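Overview (structure and organization)
Here is what each chain is made of, one letter per residue.
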Amino acid sequence: MMLAGLTWEQFFQEYWRKKPLFIKGGALKLLQTQWQAAEFEEMARQVEELDPRLVKRNANGLTFVQKVSIVNERLSELAVRFQKEMSCPSIWFDGVRANHGHSIGCHFDDSDNFVLQQEGVKIWKLHPPDIIADEVLQKRMLKNPDVGNIFMPDEYLEFILEPGDLLYIPIFWPHWGVSEGPSLSLSLVCNATNGLRDLLPLVSRQLAEDPEWWKPLPMMRLDEGGQDDEFDRMLERLLARMQEDSFKERVKSLWRKQRCRQVYGEAQEETNNRGNSRGGQEELLIDMDRVREIYGQPVSSFDLKQVVLPGETTAFNAFRELVFRVYLKRFLLVCSKGFPMLETRELKDSTQTLLTLLLQLDPKRLAQAAVRPELTSWIWRAHEAIDFGYGPRVEEIFSYLGTFFLPFFLQSDLPDLEGESLVLRRSTKDTIQLWPIGKQIHAAKGFASLMRVNFKNRAIQLQNDQETVEVPLETFWKEEGEMRIGQGMEITRLAVLRNTSAVICAGHDWYENFLPGDSKKDVTGLRQTCSNEERTDLNRCLDEGIGLVRAFWPEAFAELNEQISCILPLKSKGYLPYQTTIKAFRGMIATSARPSYLAAQTLVHETGHNKFNSVLDLYHLFENDPGVLFYSPFDDDQRPLTWIFHETFAFLQDIHISGRLLGAVEQIEDLSLERYLRKTSERVEKALDMIRKHARLTAEGERIVAGFEEALQKKAVK
């Protein structure tokens, strides 16, 4: 195969990892066809069914699909062909569809990319990688998912791609492609590897055949300068062993065989599995009889329209059971995939113990554990780290599991707890927060990043650095607000939303490190430090709001208490709504302080968004192209159809709480409940009219829309 008259040899000599190459009509010559938007969205749907995390969409109609070639025979064959022709062991196709003015942002990759423009026009800005520090490139090549985003300097190379054009972007070159009108492009991704990843395992494998390197190390006593003669002699023997001709030839032979197997023999497997291949290593043991028992239990049938408004208890419970099963399955799959990547024996043992104990929990407690913001976001972040193949991040993420699940084991009275131990990661520098039971362990001297907890004689033994404190299990069940447990530690209560178990977050390393966005630039606005006065004001407003919900709409209160387990404080913007939910953090509401009925509206509105995210986990509601935008009466702008469904669902909750509160609460300044009810009802009516005219509804979509219409027609009863 040739690129615009260039042989591969010429291309590698002149362009490969040196400079970009633009070829007019090159994509059409390479692919021998042009993909259409409808074909791409069908492939996106298929990829999403296989693995939802490979497909990313946003409110601006952008769709990014990783490894779209896994569902298309033609692209898969091309990927294999390019692997062989380029001797590259890992190649696949990605795809991006975007609307005017949008892109996936300016970034750099650890891969060489051939952009193949299919529809529309995209303007590309490129810059040499000399603006990126070596330590940043190092992190990227070591698969650290936190690096990659970058700002484009004022001086850059610009290329305009039209349908059929090709642009080669060398590895590490910052690039930014912005659509001029709707556009669709594919990218041939040539994933890079390095010696650490390819060679070191082979060196280790060869050394393992020599008893000197698999036997226990001798005792080494370092002097004050860190010197030890035996240590020096072993290091010299190691370096000498690696210089032996027989050793070098054996490693070379293994590497050649591995490379040939990747490129020619197992290329398709590598294409479909980005990241480390760890076949033959230790696997996580899961009690599949228990799993089959859980999934074999019958679930009551219900009409999907019954989940739109709170009150249908049987339907809600059945719905929650289905959601629980989705997340339990995802959790077990991610744990199984990540377990072989764990390097430390202690964390492997802890993870195995945790999974064994978890599946012994009674079904109700297991369901509560599986659908919480810590765990649903853990699944997302763990999958991301595993997919990148970045071992240190996988280790870090798995180390949080012990702290997340410990409260459920403390409550469970499991007979098999005796003698078991778990790795814990601190929640903040001086706390271990046990959110499900609304308590925390506070240490005046602070906690180490990682600790161990042992279960013994109906107590836990918490090992923090050189100190150990023993706490009877019943201590965690007591109602006392503050209990000293020794070694400068105490158990204290966490702030919670009144009459619920939802914790009001006052700081947590998981949320600090793993909320979406750039923590340094605070892209999402969610990483905020509220003052004590601001936090007190938020607590007061939330108390007012939840009190109104409980008094005037007890069914909504019951569902909120079941679904919401975390409130994330945001800085106040006065009476203006400042609130959000994040799909991956299921059961979390981020909100600012708003008094009285405004807080009540916020609570039911964001609970509605959480609930509808679960609906989307279970059901496909319409067949429309996800990239097409429609007018949203809620935003007075163009939005994806999913967004409009979301807003309709959430604002119906607003309508019903506001109708119940009308005339029962004092009006705040000029924020009339009656006017709000009228305007919100009009917007929902317009949204429903748009949905009925333009949405190609599935059977499930018909039922949810029927629920929308019925909810709008119902007269709120005080």
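Residues numbered from 1 in each chain as written. Predicted model: local features only at pLDDT ≥ 70, side-chain atom pairs only at ≥ 80, totals over all residues. Heavy atoms only, no water.

**Considering the overall build of the protein**
Worth spelling out the cut-off: We count a stretch as a helix when DSSP gives it H or I for four or more residues in a row; a strand needs E for two or more, and each element gets its number in order from the N terminus. Restricting the calculation to C-alpha atoms gives the radius of gyration, and the globule rule supplies 2.2 Å times the number of residues raised to the power 0.38. A 1.4 Å probe rolled over the protein chains alone gives each residue an accessible area, and that area as a share of the maximum for its type sets the label: buried under 20%, exposed over 50%, partly exposed in between. Contacts are residue-level and defined by heavy atoms, with any inter-residue pair within 4.5 Å sufficient. This count recognises Lys and Arg as positive and Asp and Glu as negative, with His and chain-terminal groups excluded. Note that the charge is assigned to NZ on lysines, CZ on arginines, CG on aspartates and CD on glutamates.
Of regular secondary structure, the protein possesses 25 helices and 22 strands. At 28 Å, the protein has a C-alpha radius of gyration in line with the 27 Å of a compact globule built from 718 residues. With the principal axes as the frame, the protein shows a C-alpha extent of 90 × 70 × 50 Å. Taken over 718 residues, the protein has a buried fraction of 53%. A fraction of 75% describes how many contacts in the protein between residues 6 or more apart in sequence connect residues 24 or more apart. Averaging the locations of the 88 positively and 105 negatively charged side chains of the protein gives two centres separated by 2 Å.

**Focus on the pattern of salt bridges**
Test applied: Between Lys or Arg on one side and Asp or Glu on the other, a salt bridge is scored when a side-chain nitrogen of the former is within 4 Å of a carboxyl oxygen of the latter.
Applying the stated criterion across every chain, the model contains 42 salt bridges. For Arg241, the salt bridge identified is with Asp210, shortest N-O distance 3.6 Å. Of the two residues, Arg241 is situated in helix α9 (residues 229-243) and Asp210 in the loop between α7 (200-207) and α8 (211-214); the sequence distance between them amounts to 31 residues. You can call Arg241 buried: its relative accessible area is 17%. With a shortest N-O distance of 3.0 Å, Glu710 and Lys305 are connected by a salt bridge.

**Quick word on a nonpolar patch on the surface**
Which entries qualify depends on this criterion: Like-charged residues are merged into a patch within 9 Å and nonpolar side chains (Val, Leu, Ile, Met, Phe, Trp, Tyr) within 5 Å, provided each residue has over 30% relative accessible area and no salt bridge. Only the protein chains shown count as covering a residue, and every accessible area follows the Shrake-Rupley method with a 1.4 Å probe.
On the surface, a cluster of nonpolar side chains totalling about 270 Å² of accessible area is made up of Leu142, Leu196 and Leu200. Relative to the elements of secondary structure, Leu196 occurs in helix α6 (residues 195-198). The exposure class assigned to Leu196 is exposed, which follows from its relative accessible area of 52%.

**Brief notes about the sheet that holds strand β11 (residues 439-443)**
Threshold: Here a strand pair is declared whenever DSSP counts at least two bridges between the two strands. Convention adopted: a line fitted to C-alpha atoms gives each axis, helices being fitted over their contacting stretch, and angles between N-to-C directions are expressed from 0 to 180 degrees.
Strand order in this open sheet of 4 strands is β10-β11-β16-β15, and the pairing throughout is antiparallel. In this open sheet, the two strands that pair with only one neighbour each are β10 (431-434) and β15 (482-486). Shown here is a sheet whose adjacent strand axes are inclined to one another by a mean of 20°, direction ignored. Taken together, the 4 bridges between β10 and β11 define a ladder with antiparallel strand orientation. From the neighbouring strand, Gln433 faces β11, where its bridge partner is Gln440.

**Quick notes on the side chain of Ser658**
The line we're drawing: Contacts described as polar in this section are N or O atom pairs within 3.5 Å, which, within protein, must combine one atom able to donate a hydrogen with one able to accept it, while residues neighboring in sequence count only if both atoms come from side chains.
Note on placement: Ser658 falls in helix α23 (residues 641-661). At 2.8 Å, the side chain of Ser658 forms a polar contact with the backbone oxygen of Asp654. Apart from the residues within four sequence positions on either side, Ser658 is in contact with Gln601, Leu673, Tyr676 and Leu677.

**Quick notes on helix α15 (residues 363-370)**
Heads up, the rule is: As used here, the arc is the angular range of directions from the helix axis to the C-beta atoms.
Of all the residues in α15, the buried ones are Leu366, Ala367, Ala369 and Ala370. Take α15 and look down its axis: the buried residues cluster within an arc of 160°, on one side only. Along its buried surface, α15 packs onto α12 (288-296), α13 (313-338), α14 (345-358), α16 (373-388) and α18 (401-412).

**A closer look at the environment of Thr63**
One can find Thr63 in strand β3 (residues 63-65). Exposure remark for Thr63: the relative accessible area of 1% places this residue in the buried category. In this structure, the C-alpha to C-alpha distance between Thr63 and Leu450, residues 387 residues apart in sequence, is 39 Å. When near neighbours in sequence (up to four residues on either side) are disregarded, Thr63 contacts Phe40, Glu41, Ala44, Val55, Lys56, Arg57, Gly95, Val96 and Arg97. In this structure the side chain of Thr63 is engaged in a polar contact, spanning 3.2 Å, whose partner is the side chain of Arg57.

**Section: the environment of Gln487**
By secondary structure assignment, the location of Gln487 is in the loop between β15 and β16 (489-493). What makes Gln487 partly exposed here is its relative accessible area of 42%. If we skip the residues at most four places from it in the chain, Gln487 touches Glu467, Thr468 and Val469.

**Details of unusual backbone geometry**
Positive phi outside glycine occurs at Arg17, with the angle close to 60°. One non-glycine residue with positive phi stands out, namely Glu669, at about 50°.

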